[in-house]
Amino acid sequence: MMKILKFEVTFPSSLKYYDILRLEFKIEDSWYDIGLFLLELSLLDCRFSKYSQAVIATSVCFMILKFKGEPVNQIFDYVYIQKDLIFKCIIDLCFLIEYIEG
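Residues numbered from 1 in each chain as written. Predicted model: local features only at pLDDT ≥ 70, side-chain atom pairs only at ≥ 80, totals over all residues. Heavy atoms only, no water.

## Re a nonpolar patch on the surface
Okay, step 1: There is a patch of nonpolar side chains on the surface, built from Met 1, Met 2, Leu 5, Phe 7 and Val 9 and spanning about 570 Å² of accessible area.
Okay, step 2: Note that Phe 7 resides in the segment before α1 (14-25).
Okay, step 3: With a relative accessible area of 61%, Phe 7 lands in the exposed category. (Patch = residues over 30% accessible without salt bridge, like charges linked within 9 Å, V, L, I, M, F, W, Y side chains within 5 Å. Areas by Shrake-Rupley, 256 points an atom, 1.4 Å probe, with all protein chains shown as cover. Salt bridge = Lys/Arg side-chain N within 4 Å of Asp/Glu carboxyl O. Helix = DSSP H or I, 4+ residues; strand = E, 2+ residues; numbered from the N terminus. Buried < 20%, exposed > 50% of the residue type's maximum accessible area, 1.4 Å probe, protein only.)

## Quick word on the packing of α1 against helix α3 (residues 53-68)
Okay, step 1: Two elements in contact, α1 and α3, have axes whose closest approach is 8 Å; the angle formed by their N-to-C orientations is 40°. For the crossing formed where α1 meets α3, the hand is right-handed. In this structure, α1 contributes Ser 14, Tyr 17, Tyr 18, Leu 21 and Phe 25 to the contact, and α3 contributes Gln 53, Ala 54, Ile 56, Ala 57, Thr 58, Val 60, Cys 61, Ile 64 and Leu 65.
Okay, step 2: Per-class residue counts for the contact of α1 with α3 are eleven nonpolar, three polar and no charged. (Axes fitted to C-alpha atoms, helices over the stretch in contact; angles between N-to-C directions. Left-handed = near helix turned anticlockwise from the far one by under 90°. Contact = heavy atoms within 4.5 Å. Nonpolar A, V, L, I, M, F, W, Y, C, P; charged D, E, K, R; others polar.)

## As for the nonpolar core
Okay, step 1: Core analysis: the largest hydrophobic core is formed by 30 residues, its most contacted members being Tyr 18 and Cys 61.
Okay, step 2: Among the elements of the structure, α1, α2 (29-43), α3, α4 (74-78) and α5 (83-98) are those that each provide at least two residues to this core.
Okay, step 3: Among the elements that make up this core, the one with the highest residue count is α3 (ten residues).
Okay, step 4: Residues contacting Cys 61, with those up to four places away along its chain left out, are Tyr 18, Leu 21, Phe 25, Ile 27 and Ile 75. (Core = buried A, V, L, I, M, F, W, Y, C linked by side-chain atoms within 4.5 Å.)

## A closer look at the environment of Asp 45
Okay, step 1: Here Asp 45 lies in the loop between α2 and α3.
Okay, step 2: The exposure class of Asp 45 is buried, given its relative accessible area of 15%.
Okay, step 3: With 39 residues separating them in the primary sequence, Asp 45 and Lys 6 have C-alpha atoms 35 Å apart.
Okay, step 4: A distance of 2.7 Å separates a polar atom in the side chain of Asp 45 from a polar atom in the side chain of Arg 47. (Polar contact = N/O pair within 3.5 Å; in protein donor to acceptor, adjacent residues only side chain to side chain.)

Set out below in structure tokens:
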């Protein structure tokens, strides 16, 4: 089976989801990098193990759109994830941002 697939197998990571959302919502490179930073932060905390990779990526994209001042409700038309789950993930991301020691 792997030979038929030419060994082109990927894991559905939050980065893959974020890349898809980036294309859909036309997120520029500078904002994309901030989103990558947020995705990497989510890897450091066990609190994010309860969320799917799609929820984490969608939450990061939501935050980026909010930071840019763009309408954020459009994201709910594109993904089929419960709003409250995304908002809980955003709260956890904000907690991480607030308590970063640098």
